Amino acid sequence: MSDGRKLWILGILSAGMLLVATIAPPIPQPIAYHQFADQRIYFGIPNFFNVASNVIFLFVGVAGLIFLLRLRGPMASKVFTDLSERGPYSVLFLSVAIACIGSIYYHLAPDNDRLVWDRLPIAIGIMALLAATLNERVSPRIGMPLLPVLILIGAGSVVHWNWSEQRGAGNLNFYIVVQFYSLLVIILLGIFFPSRYTRGADIYRVLAFYGLAKLAEVGDREIYDLGQIVSGHTVKHLLAALAIYWILRMLTRRRPLPERMERFGPHAGYRT
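Residues numbered from 1 in each chain as written. Predicted model: local features only at pLDDT ≥ 70, side-chain atom pairs only at ≥ 80, totals over all residues. Heavy atoms only, no water.

**Q** What should I look at first to understand unusual backbone geometry in this one?
**A** The phi angle of most residues is negative, glycine excepted, and most peptide bonds adopt the trans form. Notably, Phe43 is not glycine yet its phi reads approximately 55°, a positive angle. Note on placement: Phe43 falls in the loop between α1 (3-23) and α2 (48-52). Phe43 sits in the exposed class, given a relative accessible area of 75%. Although it is not a glycine, Gln228 adopts a positive phi angle of roughly 50°. Along the chain, the position of Gln228 falls in the loop between α10 (220-225) and α11 (232-253). (Helix = DSSP H or I, 4+ residues; strand = E, 2+ residues; numbered from the N terminus. Buried < 20%, exposed > 50% of the residue type's maximum accessible area, 1.4 Å probe, protein only.)

**Q** When you look at the packing of aromatic side chains in this model, what are you seeing that I'm missing?
**A** Applying the stated criterion across every chain yields a total of 10 aromatic pairs. Centroid distance Tyr33 to Phe36: 5.7 Å. Interplanar angle 70°. Geometry classified as edge-to-face. When its relative accessible area of 23% is taken as the criterion, Tyr33 is described as partly exposed. Under the relative-accessibility criterion, Phe36 is labelled buried at 5%. Ring plane angle 75° and centroid distance 5.6 Å describe the contact between Tyr42 and Phe49, whose orientation is recorded as edge-to-face. (Phe/Tyr/Trp six-rings, centres within 6.5 Å; stacked < 30°, edge-to-face > 60°.)

**Q** Would you mind showing me how to read empty space enclosed by the protein here?
**A** Across all of its chains, the model carries one cavity of 30 Å³ or more by this definition. Roughly 110 Å³ of internal volume is contained in the largest cavity. In terms of lining, the largest cavity is formed by 15 residues, of which the most central are Tyr89, Glu136, Gly200, Ile203 and Met250. At five residues, the largest contribution of residues to the lining of the largest cavity is made by helix α6 (residues 112-137). (1 Å grid on protein atoms, 1.4 Å probe; cavity = no way out; pocket = protein on both sides within 12 Å on 5 of 7 lines; lining within 4 Å. Points joined across faces, edges and corners; volume = space filled by probe spheres on them.)

The structure is reproduced here in structure tokens:
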């Protein structure tokens, strides 16, 4: 199957998912979502472990930004064949760092209004990762122009959910598509298109860690009841941060694959 046909399939599938989100019955945010298992107070901080565990997002987000900012000359060409590809990862790591603040704010007094500031950087970060994957497996000529569009879609899904909740008819449909379907697209891109870098398989480990994080979130109470040491939601934060760390680890270790450069055309080469 040609690359063009694969992209058409992904485009049609994506349009179909947006259509489903539009016509499907709206899914409101369950109020019970905010009732986390671990509500212990330490040092006067409510929900202490769910709050404190967010600091790891700040560390890994800032570490990623510092790594990208320090890339210069020959070292940069070993990480990115086109320096513009640094853009999506900059957005991703910045979103992760901001998620620390948004999630702390939310977990101090969980409710729908505060949840917006937790979800907004998450949605933007996921879409930035999708743009980065498009750059590396299809072409920067596709991924880079789509980056601002994808960011707007991610942010818009959260804004739309919040707007619908304010109207009394909450609708998570578009946010669900952004959070889960986007990850499916990343998997399909990995199957359809080889990366032009080494460490391409690392993206599957990243998604596996994130999948485990979501499972821990679902099992919040069950994990906490094992010994009331840590809750599933706290574990979720740690596993999600591990997924982001693995992206940083991938970037520090990967190198271009010269044999795969031709398929991206003459405009995919490194530019300072």
